[in-house]
Amino acid sequence: METIQQSRIDSVLKATALDESITNCATFDLANLKIKNVRSIEVPTNIRLGHLIENIVAQLFKASNVYDLLYHTTQIIVDKKTIGEIDFVIKNSRTHEIIHLEFAYKFYLFDPEFSAESPLNCWIGPNRNDSLYEKLEKLKTKQFPLLFHPCTQQTLPNLVVNRVSQQLCLLASLYVPFDFKGPISNSYQKAIKGYYMNFEAFVKQHTSSKTYCLPSKKDWGIDPTDNKNWSEFTATKENIIKKLEEKQAALCWQMDNGTATQFFIIWW
């Protein structure tokens with residue numbers, strides 16, 4: 001097990017949940033947990049970012065004075081094959097409402113040329129291998145309907161599914177093109193954390209006053225102002241080149257005269 005730092009916990013509690021105007025799903029906001037302070041959380045070691053954050057959220061539910069955690073990552077198995085997983089089932093201890101909660105922690109970049117149909121279709125993963133639209137479609141067609149599968153009732157026999165509401169907590173960090181001037185609706189604006197650019201633009205915008213940090217993926221989403229270790233341009237540039245050669249977008253934190261910013265450097 002590893003102990004999670006306060007900056008990582010704070011980053012989850014302060015993250016923006018995309019609202020119903022975007023997702024068409026009832027939204028669960030972690031602010032509803034009414035948690036004043038969580039000093040220490042332990043999670044399994046060597047797990048990827050999404051599972052790390054999900055484990056943190058599970059511990060936050062356990063620390064809540066409002067919600068009880070009934071089930072977490074419940075696998076639904078048919079003929080010895082896992083057909084899906086229910087992220088959380090929680091109960092409001094005051095209203096007794098039971099909620100099937102699906103959870104996701106995602107990073108998306110806005111590519112205005114990706115789709116002409118809808119702004120929703122233009123939010124894509126940093127490496128262009130996933131999208132917000134695809135995530136929402138999977139939630140609506142696979143993850144939420146899983147609650148009503150006959151095997152779910154067998155797996156969770158104490159759950160009366162027709163009395164369970166369904167909500168989504170999709171914590172998103174959004175990034176727009178460098179110097180982007182186009183309109184972005186207010187629903188998305190709340191989740192915008194920075195911008196993205198190609199390597200040539202990164203080199204061009206460098207000045208001697210700037211230092212950098214390339215956080216590991218498990219640190220994505222933490223406030224850059226919490227970082228204590230900053231690197232010079234030359235070393236940072238070499239590390240970025242290595243990532244881009246592997247077709248991996250690099251998240252970069254930048255400090256410039258006391259002002260921290262964050263952006264992705266893309267390979268595509």
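Conventions adopted
- Residues numbered from 1 in each chain as written.
- Predicted model: local features only at pLDDT ≥ 70, side-chain atom pairs only at ≥ 80, totals over all residues.
- Heavy atoms only, no water.
- Core = buried A, V, L, I, M, F, W, Y, C linked by side-chain atoms within 4.5 Å.
- Buried < 20%, exposed > 50% of the residue type's maximum accessible area, 1.4 Å probe, protein only.
- Helix = DSSP H or I, 4+ residues; strand = E, 2+ residues; numbered from the N terminus.
- Contact = heavy atoms within 4.5 Å.
- Expected span 1.5 Å × (residues − 1).
- Phe/Tyr/Trp six-rings, centres within 6.5 Å; stacked < 30°, edge-to-face > 60°.
- 1 Å grid on protein atoms, 1.4 Å probe; cavity = no way out; pocket = protein on both sides within 12 Å on 5 of 7 lines; lining within 4 Å.
- Points joined across faces, edges and corners; volume = space filled by probe spheres on them.
- Nonpolar A, V, L, I, M, F, W, Y, C, P; charged D, E, K, R; others polar.

A. Main features of the nonpolar core. Residues Phe28, Ile53, Ile56, Leu60, Phe61, Leu171 and Phe264 are the most contacted members of the largest nonpolar core, which totals 43 residues. Here this core gets eight residues from one element, more than from any other, and that element is helix H3 (residues 49-63). Once residues lying within four places of it in the same chain are set aside, the contact partners of Leu60 are Ile9, Val12, Leu13, Leu33, Ile35, Val38 and Ile41. Among the nonpolar cores identified, the runner-up in size contains 21 residues, and Cys25, Leu168, Ala172 and Val176 belong to it.

B. Representation of the environment of Thr74 in the model. Looking at where Thr74 falls in the secondary structure, it is placed in strand E3 (residues 67-78). Along the primary structure Thr74 and Ile86 are separated by 12 residues, whereas in three dimensions their C-alpha atoms are 5.1 Å apart. When neighbours within four sequence positions are excluded, Thr74 is seen to be in contact with Gly84, Glu85, Ile86, Thr155 and Leu156.

C. Fine view of H3. Compared with the 21 Å implied by 1.5 Å per residue over 15 residues, the 21 Å span of H3 between its first and last C-alpha is a close match. For H3, the set of buried residues is Leu49, Leu52, Ile53, Glu54, Ile56, Val57, Ala58, Leu60 and Phe61. Structurally, H3 contributes buried residues whose contacts are with strand E1 (2-4), helix H1 (6-13), strand E2 (41-43), E3, strand E4 (81-92) and strand E5 (98-110).

D. Highlighting the packing of aromatic side chains. By the definition in use, this model includes 19 aromatic pairs. Judged by centre distance (5.2 Å) and plane angle (75 degrees), the ring pair of Phe28 and Tyr67 falls under edge-to-face. Separated by 39 residues along the polypeptide, Phe28 in the loop between helix H2 (20-23) and E2 and Tyr67 in strand E3 bring together distant segments of the chain. Just as Phe28 is buried, Tyr67 falls in that class too. Where Phe61 meets Phe88, the ring centres are 5.4 Å apart and the plane angle is 55 degrees; that geometry is what we call tilted. With a gap of 27 residues between them, Phe61 in helix H3 and Phe88 in strand E4 connect regions that are remote in the sequence. This pair shows no difference in class: Phe61 is buried, exactly as Phe88 is.

E. Main features of unusual backbone geometry. The backbone phi angle of Lys34 is positive, close to 55 degrees, even though this residue is not glycine. Tracing the backbone shows Lys34 in the loop between H2 and E2. Even without being glycine, Asp179 reaches a positive phi, approximately 65 degrees. By secondary structure assignment, the location of Asp179 is in the loop between strand E7 (164-177) and helix H6 (186-189).

F. Seen up close, the layout of surface pockets. In this structure, the largest pocket occupies an estimated 1,000 Å³ of space. Arg48, Gly50, Tyr105, Lys106 and Lys135 are, among the 37 residues lining the largest pocket, the residues nearest its centre. Breaking the lining of the largest pocket down by element, the ones donating at least two residues are H3, E4, E5, helix H4 (132-143) and strand E10 (250-256). For the lining of the largest pocket, the leading source of residues is E5, giving seven residues. When grouped by side-chain class, the residues that make up the lining of the largest pocket number 14 nonpolar, nine polar and 14 charged. Taken as a whole, the second largest pocket encloses approximately 280 Å³ of empty space. Taken together, 13 residues line the second largest pocket, and the ones lying closest to its centre are Ser11, Lys14, Lys193, Gly221 and Asp223. With three residues, H1 is the single largest residue contributor to the lining of the second largest pocket. Per-class residue counts for the lining of the second largest pocket are three nonpolar, five polar and five charged.

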